[in-house]
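Coordinate analysis (summary)
Chain by chain, the residues run as shown.
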Amino acid sequence: MTSVINVNLPTQSYEIAIAPASLDQIGQSLAGLKLGKKVLLVSNPTIFKHFGKVAVDSLEAAGFQVASYSLPAGERYKTLNSIQKLYDIALENRLERSSTMVALGGGVIGDMTGFAAATWLRGINVVQVPTTLLAMVDSAIGGKTGVNHPHGKNLIGAFHQPRFVLIDPQVLKTLPVREFRAGMAEVIKYGVIWDAELFNQLEQSKRLDQLRYIKPELVDAILTRSCQAKADVVGKDEKEGGLRAILNYGHTVGHAVESLTNYRLLKHGEAVGIGMVAAGQIAVNLELWQQADADRQNALIEKAGLPTKLPVGLDIEGIIEALQLDKKVKDGKVRFVLPTQIGVVTVTDEVTSDHIRQVLQQM
Ligand SMILES: NC(=O)c1ccc[n+]([C@@H]2O[C@H](COP(=O)([O-])OP(=O)(O)OC[C@H]3O[C@@H](n4cnc5c(N)ncnc54)[C@H](O)[C@@H]3O)[C@@H](O)[C@H]2O)c1
Ligand SMILES: O=C(O)C(=O)C[C@@H](O)[C@H](O)[C@H](O)COP(=O)(O)O
Ligand SMILES: [Zn+2]
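Here the structure is a predicted model, which is why all the values come from computation and not from measurement. (Residues numbered from 1 in each chain as written. Chains lettered and ligands numbered in written order. Predicted model: local features only at pLDDT ≥ 70, side-chain atom pairs only at ≥ 80, totals over all residues. Heavy atoms only, no water.)

Those protein atoms acting as donors to the zinc ion (ligand 3) are E186 (OE), H251 (NE2) and H268 (NE2), and they sit at 2.0 to 2.2 Å. All donor residues of the zinc ion (ligand 3) come from one chain, and their arrangement in sequence is E-x64-H-x16-H. Linking H251 in helix α10 (residues 251-260) with H268 in helix α11 (residues 268-285), this pair joins segments that are 17 residues apart in sequence. (Donors = N, O, S within 2.8 Å, 3.2 Å for Na, K, Ca; no water. Helix = DSSP H or I, 4+ residues; strand = E, 2+ residues; numbered from the N terminus.)

Here it is as structure tokens:
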């Protein structure tokens with residue numbers, strides 16, 4: 001069954017279609033959008049091996065002139081060098097203003113393709129076709145695009161909304177279990193920040209990391225609820241003037257940990273899981289949140305098979321210093337997203353280095 005979620009924005013609204021076995025319909029979906037004929041499909045070698053031919057065949061059958069390009073896999077390559085490569089390919093293929101870049105992949109491919117599309121010829125179309133759980137529920141939606149700077153995560157980027165998001169949950173069958181678990185971190189995030197019903201649903205489910213095999217219908221339900229949560233928030237605050245910052249729950253510490261471990265040790269979702277444990281405990285220590293609810297959150301993170309402790313040997317003062325590069329910093333003050341109830345969060349600048357240190361030392 002297909003479900004369609006609308007991302008309603010003042011400038012350009014678009015649909016997220018969640019449709020099992022729909023990858024081979026991507027050509028028809030794009031044809032309905034009245035885009036130019038030229039398409040650049042961006043992927044990586046693993047993803048292209050699994051899904052490239054199906055996508056290219058479908059696009060060509062719908063009349064598109066398709067070029068494809070694979071970037072090397074991994075967060076380490078989420079850099080301006082990779083974007084330069086995409087510009088070279090765009091030039092070689094004479095992409096025009098009406099042309100489209102299609103991001104077929106996880107969040108790394110989605111963020112980079114989105115950024116290349118945002119900047120090539122000052123902005124061409126991008127369509128997101130996410131292939132990881134994380135990209136389906138989060139990165140493919142909402143238009144945050146960009147790359148890492150050697151000193152910090154996602155420091156270079158632009159808001160550039162996709163024209164369409166096509167989610168085929170069946171592609172998750174080939175996703176490694178570690179990647180599926182990492183995606184669950186962002187799902188749990190929506191439960192804590194926005195959707196208490198989703199949180200309860202996750203609590204009632206066994207083996208969160210095996211759901212795609214034992215309960216695919218539950219995965220579809222989780223996808224729909226999570227995409228709806230993201231669409232709701234982005235629809236109210238497209239460019240993070242206020243509310244959208246809540247989507248950064250767990251990312252303040254999470255991004256610092258990712259960057260300090262050179263993107264080699266932890267997946268983004270794993271770092272976010274650790275960041276949610278930290279933020280939850282800070283909220284408890286500030287008497288904003290009940291310990292019992294923080295324990296429920298942490299139990300869910302563990303049940304998803306995600307780490308809840310900091311990597312051994314990581315310098316806590318280094319983390320505190322790295323927080324200064326967080327994009328939520330305002331007038332030099334680090335701002336944290338902290339829960340007050342399951343499903344409700346607040347954003348505060350009242351968290352001091354001592355509060356952070358105290359919690360990190362226990363992790
Ligand atoms: N823009 C946003 O709003 C947003 C939101 C969340 C995360 N992100 C970003 O997303 C990135 C993380 O994305 P991710 O977790 O998807 O990781 P990823 O993009 O690195 O993909 C994970 C791995 O899975 C492989 N893979 C992808 N789909 C597959 C499939 N169906 N079958 C087999 N293998 C497959 C890829 O080759 C890759 O090695 C981070 O850079 C993060 O900052 C952005
Ligand atoms: O869409 C958003 O807004 C988010 O914050 C979603 C996050 O899950 C995502 O990791 C995002 O890329 C983080 O954004 P950043 O602005 O902190 O780099
Ligand atoms: Zn994230």
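Okay, back to it.
Further remarks concern the site of ligand 1. Every one of the 27 residues lining ligand 1 counts as a neighbour, but E75, T131, T132, K153 and T174 are closest to it. Contact between ligand 1 and K78: an oxygen atom at 2.8 Å from a side-chain N or O atom of the residue. V108 has a polar backbone atom sitting 3.0 Å from an oxygen atom of ligand 1. Taken by itself ligand 1 offers 870 Å² of open surface, and the protein chains cover 91% of this. If you list the elements that add at least two residues to the shell around ligand 1, you get α2 (45-61), α4 (107-119), α5 (133-139), β8 (152-159) and α6 (177-193). It is α2 that contributes the most residues to the shell around ligand 1, 4 residues altogether. Its residues assigned to classes, the shell around ligand 1 comprises 7 nonpolar, 11 polar and 9 charged. (Near = heavy atom within 4 Å. Polar contact = N/O pair within 3.5 Å; in protein donor to acceptor, adjacent residues only side chain to side chain. Areas by Shrake-Rupley, 256 points an atom, 1.4 Å probe, with all protein chains shown as cover. Nonpolar A, V, L, I, M, F, W, Y, C, P; charged D, E, K, R; others polar.)

Moving on to the pairing of β8. Of the strand pairs in this sheet, strand β7 (residues 144-149) and β8 are connected by 5 bridges, and their pairing is antiparallel. Looking at β8, one finds that K144 is bridged to F159. Hairpin geometry of β7 and β8 is characterised by an intervening segment of 2 residues between the two adjacent antiparallel strands. (Pairing = 2+ DSSP bridges.)

Glancing now at the UniProt feature "binding site: NAD(+)" in the protein. According to UniProt, the positions carrying the feature "binding site: NAD(+)" are G107, V108, I109, G110, D111, T131, T132, K144 and K153. Of note, G107 is situated in helix α4. Judged by relative accessible area, G107 falls into the buried class, the value being 15%. With residues near it in sequence (within four places) discarded, G107 still touches T132, A135 and S139. (UniProt positions renumbered as here; feature names shortened; annotations may be inferred. Buried < 20%, exposed > 50% of the residue type's maximum accessible area, 1.4 Å probe, protein only. Contact = heavy atoms within 4.5 Å.)

What follows covers the packing of aromatic side chains. This structure, assessed with the given rule, holds 1 aromatic pair. Its guanidinium or amino end placed over the ring of F64, K37 lies 5.8 Å from that ring's centre, counting from NZ or CZ. For K189, the ring lying beneath its charged end belongs to Y190, and the centroid distance is 5.2 Å. (Phe/Tyr/Trp six-rings, centres within 6.5 Å; stacked < 30°, edge-to-face > 60°. Lys NZ or Arg CZ within 6 Å of the ring centre and 35° of its normal.)

Taken together, the neighbourhood of ligand 2 is formed by 14 residues, with D138, N154, K230, R244 and K327 sitting nearest. Note that an oxygen atom of ligand 2 is positioned 3.2 Å from one of the side-chain N or O atoms of E186. K230 has a polar side-chain atom sitting 2.7 Å from an oxygen atom of ligand 2. Protein coverage of the free-state accessible area of ligand 2, which is 430 Å², stands at 91%.

Now for the pairing of strand β10 (residues 336-341). Here β10 pairs with strand β11 (residues 344-348) via 5 bridges, running antiparallel. Following the sheet pairing, Q341 is matched in β11 by V344. Taking the residues between adjacent antiparallel strands as the criterion, β10 and β11 are bridged by 2 residues, where G343 takes a positive phi near 100°.

This brings us to the pattern of salt bridges. For side chains of opposite charge, pairing can occur when their charged atoms come near one another. Per the counting criterion, the structure on display carries 19 salt bridges. A salt bridge links K328 to D326; the nearest nitrogen and oxygen atoms lie 2.9 Å apart. Assessed through its relative accessible area of 1%, K328 is described here as buried. Taken together, the shared-partner salt bridges in this structure form one network comprising E75, K78, D111, K153 and E258. (Salt bridge = Lys/Arg side-chain N within 4 Å of Asp/Glu carboxyl O.)

Before going further, it helps to spend a moment on the confidence of the model for the protein. Here the protein averages 96 in pLDDT, while 100% of its residues score no lower than 70. Taken over the whole predicted complex, pTM reads 0.98, whereas the ipTM for its chain interfaces reads 0.99. (pLDDT = per-residue confidence, 0-100.)

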